[in-house]
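# Reading the structure
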Amino acid sequence: MTRMLIAGNWKMNGDISMAQNLATTIAREGDASNCEYLLCPPFTAIQTVAAAIGDSGISLGGQDCHAAEAGAHTGDISVGMLTNLGCEYVIVGHSERRSNHGESNADVKAKTKAAVEGGLTAIVCVGESEAERESGDALAVVGSQVASSLPDAASATNTVMAYEPVWAIGTGKVPTVEQIAEMHIHIQSVLAQELGNDSAKTFRILYGGSVNAENADEILRTDGVGGALVGGASLKAESFLAIGRSCP
Ligand code: PEP
């Protein structure tokens, strides 16, 4: 069975000494036979984290990438720059990128294509807003994000999906396990339509949005959940490792 993926998105938090300490503790205490732990620090701390995790089996990723290989893109980071530092993953289409930087499904698709062609595993984030959930449009919105964010080259071996309801990110609000299961099964059926059944069956689909040490057990045992994308609770080794230990 594929191990669950427990991914920490540190967002724009911490400094070099915090990154060094957090990564060192996770590398020392994280049992990689439980699950695959992935750390996605800010770009400026990637090298520090790479050195701290060494060959512990903890994976490393970026929080975003540009779709182009190189060029006049001030402030952006390419896929090659991430692989050069030892990254194996990159998060694309996080709702904070979609809302703060106006990223469209087409942008996410271009970034995912660049990531998989450049040898990274893309973690493609999708999720509905609170208004979309309340108006009964959640399945349609997320289904259309999945269908239009994935390039032809996406497969279960180079892409991971992350279902992150926007209203659950950083708010302490979490969907019911029934809502999570319904959405994960829906995402799988859209993947089957887009990419074919065989690839869809083995896709890892993470849940993200206010996952913590207390609720991880129930969420990770929900049908269709292949791991978690964790924001706030990934900034403390204790809570991040506890989430990993909750993997069935
Ligand atoms: C996230 O931003 O990907 C996330 C899930 O954040 P949090 O866990 O803090 O809700």
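For the structure itself, look to the data block above.
Reference entry: report on the structure contained in this document.

Definitions and cut-offs
Residues numbered from 1 in each chain as written. Predicted model: local features only at pLDDT ≥ 70, side-chain atom pairs only at ≥ 80, totals over all residues. Heavy atoms only, no water. Buried < 20%, exposed > 50% of the residue type's maximum accessible area, 1.4 Å probe, protein only. Helix = DSSP H or I, 4+ residues; strand = E, 2+ residues; numbered from the N terminus. Contact = heavy atoms within 4.5 Å. Near = heavy atom within 4 Å. Polar contact = N/O pair within 3.5 Å; in protein donor to acceptor, adjacent residues only side chain to side chain. Areas by Shrake-Rupley, 256 points an atom, 1.4 Å probe, with all protein chains shown as cover. Nonpolar A, V, L, I, M, F, W, Y, C, P; charged D, E, K, R; others polar. Pairing = 2+ DSSP bridges.

Now for helix 11 (residues 237–245). Counting buried residues in helix 11 gives seven out of nine residues, a clear majority hidden from the surface. Of the positions making up helix 11, those classed as buried are Ala-237, Ser-239, Phe-240, Leu-241, Ala-242, Ile-243 and Gly-244. Those residues of helix 11 hidden inside the fold are in contact with strand 1 (5–9), helix 1 (16–29), strand 2 (36–40), helix 10 (216–220) and strand 8 (227–230).

Let us now look at the site of the ligand. Lining the immediate surroundings of the ligand are 14 residues, of which Lys-11, His-94, Glu-164, Gly-170 and Ser-210 lie closest. A distance of 2.8 Å is found between an oxygen atom of the ligand and a side-chain nitrogen or oxygen belonging to His-94. Ser-210 is positioned with one of its backbone polar atoms (N or O) 2.8 Å from an oxygen atom of the ligand. Look at the ligand: alone it shows 290 Å² of surface, and the protein chains cover 95% of it. Class assignment of the residues belonging to the shell around the ligand gives a composition of four nonpolar, eight polar and two charged.

Burial within strand 6 (residues 159–163) is extensive, with five of its five residues counted as buried. Burial along strand 6 is two-sided: Thr-159, Met-161 and Tyr-163 facing one way and Val-160 and Ala-162 facing the other are all buried. Bridge count between strand 5 (residues 121–126) and strand 6: five bridges; the pairing is parallel. By the bridge assignment for strand 6, Ala-122 is matched with Thr-159. In terms of strand pairing, strand 6 meets strand 7 (residues 205–208) through three bridges, oriented parallel. Paired with Tyr-163 across the bridge in strand 7 is Tyr-207.

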